[in-house]
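Chain and residue survey
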Amino acid sequence: MLSDEEHRRLRRKAAVRTNLTAFAFLAPALAFLLLFLAWPVASLFIQSFHAGGVMSPAKFVGLENWRRTFLDPLVVKSIRNTLLYSLMAIPTVFAIAMALALSLNSIKVGQNIFRTIIYFPTLQPILIAALMFTFVLHQDFGILNIIMRAIVGEPVNFLGNASLALPTIAMVEVWKGVGFWTLLFLAGLQGLPRDLYHAAELDGAGPLRRFFQMTLPLLKPTFFFSFVFATIVNLQIFDSVFILTDGGPAHSTVTTTWYIYRSLFTFNEPGFGATLSFVLVVLVLLLTAIQTYMFRERR
Amino acid sequence: MPHFRRGASSPVESLKSTPTMLLVSYVLLCFAAIVSITPFLYILSTSLKDTNSLFSYPPDWIPEQLFWGNYAKLFEQTSFVRWTLNTLGVGIAITGLKLVMDSMAAFALAKLRFRGKALLTTFLLLLVAVPIAALVVPLFFVVRSMGLLNTYWALILPALANPLGILMLRSFMVSLPEDLDHSARLDGASEWKVLTQIVLPLIKPGLVVHAIFTFMLQYTSFLWPLVAVQSDHMQVLTVGISSLKSNFVVDWGLISAASLLATIPITVLFLALQRFFLSQNLSAALKH
Amino acid sequence: MTDLTRRRFMQHGSAVALSAAGLAAGLSARTALASGHVSGDITMIKGPHSADEARFEAMIIDDFKAVEPGVNVTFTTYDWANMNAELTTGFASGNPSDVLYLVDLIYPNYAQQGALHDMTALVGAEDWSSERAQIPEFAWDLARLDGGTWGVPVLGAVYNIYVNKDLLSAAGVLDTWNRSYADMMDAARKTTSDGVYGFSVRARTGDFAFWDWLPYVHNAGADLLSEDWSECGLRGAEDATQFLIDMHQAGVTPPIGAMSTQEQFDLFKAGKIAIHHGETPQIAALMADPPAFEWDVAYAPPGETAQTVMGNFGILSIAEASPNKEAAWEFIKHWASGPQVGRFAEQVNLQVVREDIVDGMFDGNPAMQKIQQEFVPRVVGIQPHPQILKILQSIWPVAEQAYRGEFTGQETIDQMCDIINQIIA
């Protein structure tokens, strides 16, 4: 009995010690996460019931910001544009990146050089990418419009056309993002078990069948991570919108983050901006949860 | 189907490809390479021209005479060097601090037993899904209440709060065999020793990948640095270059030169470290 | 002071006799300044009007050093595209720049938030009265709001039209193009040919496209807000807006929104636009690298009630949080003094607000002389309502759709008024 008691006490003591050790290891990172991530999310919620607060003291306004959020047609439009953009950009960038990763995986000579060149756009700040695209899209000199002239006979008004502006922004982001996802998929491909492929090849499975019946299913964990991460990143689209179109023409490229920025810094309405931010956080969490659920189901 | 070679000599070596597959691969890759590089050539050309027009009619893409004045002006009349140093300094500080903190936290999550571990891991996963861009408003208030607006700390500290790195390093650590650290503990090593002398050396590729992503994220960030600091001498490259653009008569040659030079440090870093992107460890980590 | 500055100023001024009053004012300001009774470190923030802004500011600061050796002035810039974000950050940090150059578009909001110092007592002081009198009353009006004076008006920026005289005379419309809107339309049509556009205005939100629309609104006797700022004042601008819509639908402009204002200016410089809406600092680019055609500056034809020019003004303000408002005020007086502001305006091709130095300015720059003397008196600025920026940015997307042929002038104004009334309600 006594030894048992002692045993338990010792074990408890050891448990306390490991708990403390673990806490010590976690403390620095957790402190920053709580202060600069968890608390801001909580305070978004609090702020959504207030007005002002940047240069003048905050003032409680009840549900006013929320009422505006649900009535403002631009909020709906910004969410719609953000989702639409993600729906255009993510599948496109994944398809291209997958094709390039497969290509890189199947060549031996020049893999390094191609990898570096393809990754190059990812390394550019969007500011510089936007400057590059000013040239690429220009009515008279842009390489894309030189091509369009050759094909359809006349240049395309990429950023000035309300129905083309958002796809154009998606195109810029795809250009910038392909390198990242290519490398990620390539890493995934190279981690696949080789023996399985050899066996499949012996069985006479062609490259297409191998891809659809083996590669894709095997890469599922990579895809899961990629979809979730891409969703989080793409729903935050701001830089390229801010620099290329500033939401125009005619609000056709207004995204949620752009509207948050404008509310805070141009219109000086931090409470409304906080409400919108909270909506965005919920939206992202919701979509992430749905994706997790869908991947679980099919597993 | 042609014959294939058994027992590939290196783990990275791929399956033998058919000639058609090879041809298709190279065509695709060449096309991608051209698309990746072409926009950059426009900037290169503009940076070497003596003009403040973005476009001259008719265009001369290959300047007859190379003009280096834009580069000279960049160093003499703008704070370009300062911006670069700020960017590198802030980026290195963030990367260094994050490597230490994230590997410690990842170690606790992967290798230590404690109460509430599952809960904490879920909490971190939830935090990953929080869009940082949505936090500009409250982050601004937090940093202000700490009295850090318009200081280098305003650039550094908030960037440390990103749970993705912890989870990534945790994946690397989980994939290490348990026996290693167990036997070290039996030999009386402290947890700190286990982390620094056994675990970290084994996940070096993971640390490098973490460092590159962290640095890259910082290098390309624009929105937060824009609002967090105001003084000219604290600006980072992205904000600094954007301020060149705001002059009423835009000096495109200057901006192009700045943009071109700004790509150099990060490209060099990538070239030096890119082999780590393709280690088995990275793909292993992605599976967890 | 600085003999050097005075000499430089006198060189410019010598061609035309300086008015005695102006000279006396300048001198009395000198004596007021020369007391050297303030000290400390202050900072000034301003958006750049030139790539060489820092160099030009250093000249002003060096001269100030001679008058007030105890004051150290540090100059920083904000980015025009992000000025609100940067200024807000500064104010919110509790440690903003002491002296701020603010445009009429944004200062009202900061004033209303209590971020700016009410300078009524400072500018009303007896020892500054002669200087104060050099700045016309309409400019002071732009700096006043809610009973306070929030800055000293120093610079003006005029939005002018550039014309390619060669294209206009080849089409036979050089003398007629700006008699009326119909004539302008006719000129635009006649000058448009393969690769050459008759007419261009800004269309992109990011380019502050509303600057090019507003003179047409003012010419029709309308404005964003009614006289007492209680409701939308755009009624009456329907036809003017319809005219601009028609221009865009007539195929005489570059594809709508395809080019930034800078790219349009490149096109004008290449001789491919006949009538182009731009800004005066671009004159420097035309003079440095003269195009292969005759060009001139102009303004829009007369509308129903007036013939106006759009312009906006910059004021020098003091942050309420500044710990050294005395030194800040001394520096503002120095910056706003005739020699300093005059030299700066010439360097960057902007207009000055004070009237005493106008005559001698812009020697060898006929375009700027014309603008300062003929255009500035016609300037109708914006109404400095605290929400004016929000109003402009909120209504502009309607115009963007209208230019693309989706609304008539009537529908455009209706929708804009709905938006404006909602904002100021």
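Before any of the text, the structure's been laid out above.
The structure contained in this document is the topic of the report that follows. (Residues numbered from 1 in each chain as written. Chains lettered and ligands numbered in written order. Predicted model: local features only at pLDDT ≥ 70, side-chain atom pairs only at ≥ 80, totals over all residues. Heavy atoms only, no water.)

**Let's talk about the pattern of salt bridges**
By the definition in use, this model includes 22 salt bridges over all chains. Here R67 of chain A and E64 of chain A are joined by a salt bridge, their closest N and O atoms 3.3 Å apart. Separated by 3 residues within a single helix, R67 of chain A and E64 of chain A lie in helix α2 (residues 64–71), roughly one turn from each other. Given a relative accessible area of 46%, R67 of chain A falls into the partly exposed group. The closest approach of N and O atoms between R202 of chain C and E279 of chain C, which form a salt bridge, is 2.7 Å. (Salt bridge = Lys/Arg side-chain N within 4 Å of Asp/Glu carboxyl O. Helix = DSSP H or I, 4+ residues; strand = E, 2+ residues; numbered from the N terminus. Buried < 20%, exposed > 50% of the residue type's maximum accessible area, 1.4 Å probe, protein only.)

**With respect to the interface of chain A and chain B**
With 99 residues of chain A at the contact, the number on the chain B side is 108 residues. A buried area of about 9,400 Å², summed over both sides, lies between chain A and chain B, and 78% of it is on carbon and sulfur atoms. Interface area lost by chain A to chain B is led by F25, F135 and F141 of chain A, which between them contribute 9%. Linking chain A with chain B are 0 salt bridges, by the criterion used here. Connecting chain A to chain B are 6 residue pairs in polar contact (both at pLDDT 80 or more). Residue composition of the side of chain A that touches chain B, grouped by class: 66 nonpolar, 26 polar and 7 charged. (Contact = heavy atoms within 4.5 Å. Buried area = accessible area lost by both parts, 1.4 Å probe. Polar contact = N/O pair within 3.5 Å; in protein donor to acceptor, adjacent residues only side chain to side chain. Nonpolar A, V, L, I, M, F, W, Y, C, P; charged D, E, K, R; others polar.)

**Let's talk about the sheet that holds strand β8 (residues 197–200) of chain C**
Residue and element names in this part refer to chain C. If you walk across this open sheet you meet the 4 strands as β8-β9-β7-β10, and the pairing is mixed. Edge positions in the open sheet fall to β8 and β10 (295–298), since each of these has one partner strand only. When the angles between neighbouring strand axes are averaged without regard to direction, this sheet yields 15 degrees. Taken strand by strand, helix α13 (residues 261–269) contacts β7 (161–164), β8, β9 (273–277) and β10, and its axis lies near 145 degrees from that of β9. (Pairing = 2+ DSSP bridges. Axes fitted to C-alpha atoms, helices over the stretch in contact; angles between N-to-C directions.)

**Comments concerning unusual backbone geometry**
Note: most residues except glycine have negative phi, and most peptide bonds are trans. Here the bond from G248 of chain A into P249 of chain A is cis, since omega is -10 degrees, no more than 30 degrees from zero. Tracing the sequence through the fold places P249 of chain A in the loop between α11 (239–244) and α12 (256–266). Its identity is not glycine, yet D246 of chain A carries a phi of approximately 50 degrees, on the positive side. Examined against the element boundaries, D246 of chain A turns out to sit in the loop between α11 and α12. Of the residues examined, D246 of chain A reaches a relative accessible area of 15% and is grouped as buried. Although it is not a glycine, N349 of chain C sits at a positive phi angle of roughly 60 degrees.

**Some remarks on the packing of aromatic side chains**
Under the defined criterion, the tally for this structure stands at 57 aromatic pairs over all chains. Residues F120 of chain A and F40 of chain B carry aromatic rings whose centres are separated by 4.8 Å and whose planes lie at 80 degrees to one another, so their mutual orientation is edge-to-face. Of this pair, F120 of chain A sits in the loop between α4 (111–119) and α5 (126–137) while F40 of chain B sits in helix α1 (residues 19–47), on two different chains. Relative accessible area serves as the criterion here: at 14%, F40 of chain B is assigned to the buried category. A centroid spacing of 6.1 Å and a plane angle of 45 degrees characterise the contact between F180 of chain A and F229 of chain A, whose relative ring orientation is tilted. Of the two residues, F180 of chain A is situated in helix α7 (residues 165–190) and F229 of chain A in helix α10 (residues 220–234); the sequence distance between them amounts to 49 residues. Judged by relative accessible area, F229 of chain A falls into the buried class, the value being 19%. These aromatic residues form a ring-pair network of at least three members: F94, F180, W181, F185, F223, F227 and F229 of chain A together with F213 of chain B. When the ring centre of F272 of chain A is taken as reference, the NZ or CZ atom of R68 of chain A above it lies at 3.8 Å. The ring centre of Y101 of chain C lies 5.0 Å from the NZ or CZ of K46 of chain C, which sits over that ring. (Phe/Tyr/Trp six-rings, centres within 6.5 Å; stacked < 30°, edge-to-face > 60°. Lys NZ or Arg CZ within 6 Å of the ring centre and 35° of its normal.)

**Focus on the interface of chain C and chain B**
Taken together, the contacts link 32 residues of chain C with 25 residues of chain B. The junction of chain C with chain B conceals about 2,500 Å² of combined surface from both sides, 57% of it contributed by carbon and sulfur atoms. For the pair chain C and chain B, the number of links is 0 salt bridges. The interface formed by chain C and chain B includes 1 residue pair in polar contact (both at pLDDT 80 or more). For the side of chain C that touches chain B, the elements supplying multiple residues, two or more each, are β2 (71–77), α4 (83–92), α13 and α14 (282–288) of chain C. The biggest single contributor to the side of chain C that touches chain B is α4 of chain C, with 7 residues. Looking at the side of chain C that touches chain B, its residues break down into 13 nonpolar, 11 polar and 8 charged.

**Here's the deal with a positive patch on the surface**
Residues and elements named next belong to chain A. The grouping of R8, R9, R11, R12, K13 and R17 at the surface amounts to a positive patch. As for its position among the elements, K13 is in helix α1 (residues 2–47). K13 sits in the exposed class, given a relative accessible area of 62%. (Patch = residues over 30% accessible without salt bridge, like charges linked within 9 Å, V, L, I, M, F, W, Y side chains within 5 Å. Areas by Shrake-Rupley, 256 points an atom, 1.4 Å probe, with all protein chains shown as cover. Lys, Arg positive; Asp, Glu negative; His and termini not counted. Charge placed at Lys NZ, Arg CZ, Asp CG, Glu CD.)

**What about the packing of helix α3 (residues 53–67) of chain C against helix α16 (residues 338–348) of chain C?**
Residue and element names in this part refer to chain C. Between α3 and α16, the shortest axis-to-axis distance is 11 Å and the interhelical angle comes to 165 degrees. Relative to α16, the element α3 lies roughly antiparallel. With respect to the hand of their crossing, α3 and α16 are arranged in right-handed fashion. Contact residues: α3 offers E53, F56, E57, M59, I60 and D63, while α16 offers Q340, R343, F344, Q347 and V348. (Parallel < 35°, antiparallel > 145°, perpendicular 65-115°, else oblique. Left-handed = near helix turned anticlockwise from the far one by under 90°.)

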